[in-house]
Amino acid sequence: MHFSERRNTTRWVIILISFLIITLILWNTYTFFQIFKNEERLKMKLFADAQITIVNANENTDVELPLQIFSNNTSIPVVLMLYDNVVSSKNVPDEILNDRKKLKAFLNNLRNENEPITFEYAPGKYQILYYGNSALLNKLKYYPIALLLIVFLCVALIYNFYKSTKMATQNKLWAGMAKETAHQIGTPLSSLIGWIEILKTEDIDRSITSEIEKDITRLQTITDRFSKIGSVPVLENHDIISETLNAFTYLQSRFSKQVAFTYDTPKDPIIVELNPILYSWTIENLVKNAIDAMKGKGSLELQIEQDAHHVKIKVKDSGTGIPKKQFKTIFETGYTTKKRGWGLGLSLTKRIVEEYHSGKIKVLNSEIGKGTTFQIQLNKKMQ
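Everything quoted here is computed from the prediction, not taken from an experiment.

**Brief notes about the sheet that holds strand β3 (residues 117-122)**
Taken in spatial order, the four strands make up an open sheet running β2-β1-β4-β3, and their pairing is antiparallel. Looking at the sheet topology across the chains shown, the edges are occupied by β2 (85-90) and β3. Recorded for the sheet is a direction-independent mean angle of 25° between the axes of neighbouring strands.

**Concerning the packing of helix α7 (residues 240-252) against helix α8 (residues 276-293)**
Contact geometry for α7 and α8: axes closest at 9 Å, N-to-C directions at 45°. If you check the angle between α7 and α8, you find them oblique. Crossing of α7 over α8 shows right-handed handedness. Along the contact surface, α7 presents I240, E243, T244, A247, F248 and L251, while α8 presents P276, Y279, S280, I283, E284, V287 and K288. Partitioning the contact of α7 with α8 into residue classes produces eight nonpolar, two polar and three charged.

**Some remarks on the environment of R41**
Structurally, the position occupied by R41 is in helix α1 (residues 2-55). The spacing of R41 and P116 is 75 residues in sequence and 9.7 Å in space, taken between C-alpha atoms. Separated by 2.7 Å, the side chain of R41 and the backbone oxygen of E115 make a polar contact.

**Brief notes about the pairing of strand β1 (residues 78-82)**
Burial analysis of β1 places four of its five residues in the buried class, which makes it a mostly covered element. Sheet analysis places β1 next to β2, joined by five bridges and oriented antiparallel. By the bridge assignment, L80 is partnered in β2 with S88. Taken together, β1 and the strand that follows it, β2, pair antiparallel across an intervening segment of two residues, in which Y83 is found at a positive phi of about 60°.

**Notes on the layout of surface pockets**
The volume enclosed by the second largest pocket comes to roughly 570 Å³. As for the second largest pocket, its lining consists of 17 residues, and the residues nearest its centre are I15, S18, V155, I158 and Y159. For the lining of the second largest pocket, the secondary-structure elements that each account for two or more residues are α1 and α5 (135-201). Residue contributions to the lining of the second largest pocket peak at nine residues, all from α5.

**Some points on the packing of aromatic side chains**
Evaluated as defined, the whole model comprises five aromatic pairs. Judged by centre distance (6.0 Å) and plane angle (35°), the rings of W27 and Y30 are tilted. Here the residue W27 and the residue Y30 both occupy positions in helix α1, the gap between them amounting to three residues, near one helical turn. Among the residues examined, W27 registers a relative accessible area of 54% and is labelled exposed. The positively charged end of K350 is found above the aromatic ring belonging to F331, 5.4 Å away from the centroid.

**A short note on the pairing of strand β7 (residues 271-274)**
Going residue by residue along β7, you find V272 and L274 tucked away on one face and I271 and E273 left uncovered on the opposite face. Judged from the four bridges that link them, strand β5 (residues 236-239) and β7 form a sheet pairing that is antiparallel. Looking across to β7, one finds that H238 is bridged to V272.

**Side note on the sheet that holds strand β6 (residues 259-264)**
Strands sit in the order β6-β8-β9-β11-β10 across an open sheet of five strands; the sheet is mixed. A single partner strand is all that each edge strand has here, and the edge strands are β6 and β10 (360-367). Taking each pair of neighbouring strands and ignoring which way they run, the sheet shows an average axis angle of 15°. Bridge count between strand β8 (residues 298-306) and strand β9 (residues 310-317): seven bridges; the pairing is antiparallel.

**Looking at unusual backbone geometry**
For Y83, which is not glycine, the phi torsion reads 60° and is therefore positive. Mapped onto the elements, Y83 comes out in the loop between β1 and β2. A positive phi angle, near 65°, is found at N91, a position not held by glycine. Look at N91 and you get partly exposed, because its relative accessible area is 35%.

**Quick notes on the pattern of salt bridges**
In total, this model carries six salt bridges according to the counting rule given. Between K288 and E284 there is a salt bridge; the shortest N-O distance is 2.8 Å. Linking K288 with E284, this pair stays in helix α8, spanning four residues, or about one helical turn. Ionic pairing is found between K350 and E354, a salt bridge with its closest N-O pair at 3.0 Å. Remark: E354 and K350 occur in helix α9 (residues 345-356); sequence separation between them is four residues, near one turn of the helix. Look at K350 and you get partly exposed, because its relative accessible area is 28%.

The rules we used
Numbering of residues starts from 1 in every chain and runs along the sequence as written. Local features in this predicted model are restricted to residues whose pLDDT is 70 or higher, and side-chain atom pairs enter the listing and the counts only when it is 80 or higher, whereas totals over whole chains, interfaces and linings include all residues. Here the side-chain values reflect all heavy atoms present in the structure, with hydrogen atoms and water set aside. For two strands to be treated as a pair, DSSP must find no fewer than two bridges joining them. Per the convention used, a helix needs a DSSP run of H or I reaching at least four residues, while a strand needs a run of E reaching at least two, with both numbered from the N terminus. Axis geometry follows a simple rule: fit a line to the C-alpha atoms, using only the stretch in contact for helices, then measure angles between N-to-C directions, giving values from 0 to 180 degrees. Roughly parallel covers angles under 35 degrees, roughly antiparallel covers those over 145, roughly perpendicular covers 65 to 115, and oblique covers all other angles. What makes a crossing left-handed is the near helix being turned counterclockwise from the far one by less than a right angle; a clockwise turn instead makes it right-handed. Residue contacts are defined here by distance: any two heavy atoms, one from each residue, within 4.5 Å place the two residues in contact. Three categories are distinguished: nonpolar for Ala, Val, Leu, Ile, Met, Phe, Trp, Tyr, Cys and Pro, charged for Asp, Glu, Lys and Arg, and polar for the others, with Gly belonging to the last. Nitrogen and oxygen atoms within 3.5 Å of one another constitute a polar contact, given that in protein one can donate a hydrogen and the other can accept it, and given that sequence-neighbouring residues count only through two side-chain atoms. Remark: exposure states derive from per-residue accessible area (1.4 Å probe, protein chains only) relative to the maximum for the residue type, with buried under 20%, exposed over 50%, and partly exposed in between. We place a 1 Å grid over just the protein atoms. Points where a 1.4 Å probe fits but has no way out form a cavity, open points with protein on both sides within 12 Å along at least 5 of 7 lines form a pocket, and any residue with an atom within 4 Å of a point lines it. Grid points are joined across faces, edges and corners, and a volume is the space filled by probe spheres set on the points. Working definition: a ring pair exists when centres of Phe, Tyr or Trp rings (six-membered ring for Trp) sit within 6.5 Å. Plane angles under 30 degrees give stacked, over 60 give edge-to-face, the rest tilted. Here, a charge over a ring means that NZ of Lys or CZ of Arg falls within 6 Å of the ring centre while also lying within 35 degrees of the ring normal. Only one rule defines a salt bridge in this text: a Lys or Arg side-chain nitrogen within 4 Å of an Asp or Glu carboxyl oxygen.

Below you can see the structure in the form of structure tokens.
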């Protein structure tokens, strides 16, 4: 218990430190962006001062430095405007300068990036300097987004690894528990088989021993089921109709007469590759869930249909129904609406159908207060 608590504390400390590091990186990036942006604005003010010097220059004015300022700007787009006319430009494509509509849109973009600089180049005369962000500044602007995307992908990868590891550990635990359960049941089951042979020699009604034998066979089936958890099952050709009816009618004889069992199946066999022991478990889980939903009273219908490539087994009840938003969550491990349920039945059923038999299972339809229909779809064995 203390080890688990320390591990959780360590995990949260690592998460907190990682969050602080990411925050510091983003803050430093934002600060650097602002510093770089302010430096570019200072450069543009020098650009404006150079423009004033050149406009007011005479034969005695040294214009070498202003010209150097103009020529050294190789990355910042600049447009100098006098009213609606372009006085000069730098790092702007000619196709924009020659098209009034494109120029207007371009100036609006520059204005959104940086506040234009208005300066007085002569008494009462003003020019406006529009400038945008350099290519380096634009790349720096998107750096935090790229960083966040990388962090998000790393978190998703870690979460997926953690979830997969946790699921693998849980699967090993359940498989180990199931195999141990099968082993523990095996010993008293062997004794029961011996006792039933003794009872047959006594003057006892044969129908009683016959029913006991059925239950012992059932226990052997259950033991076999648990022993197969965690192992890859062997699939063989079987008639899906007879296998389904065997499981269905066995449960029918052991539930209250207040549940009306009915079935509708094709007459001819339908051959499917399946593991009979695990498949009967899926039918049992669906039937028991249906009876629980009906609170032990109602109608339960089994239908088997087929098309060219698939066979569909439908189990329909007259129970309380399932809200549509729960159609998928009911198959998740641990999800249950029962007070004493473990939430394993439908999860195990889904695994048997989809992972072991390459089929599909879903809630076909459901209405609150009217009932639910589950459907299993399996691939037919092609002749």
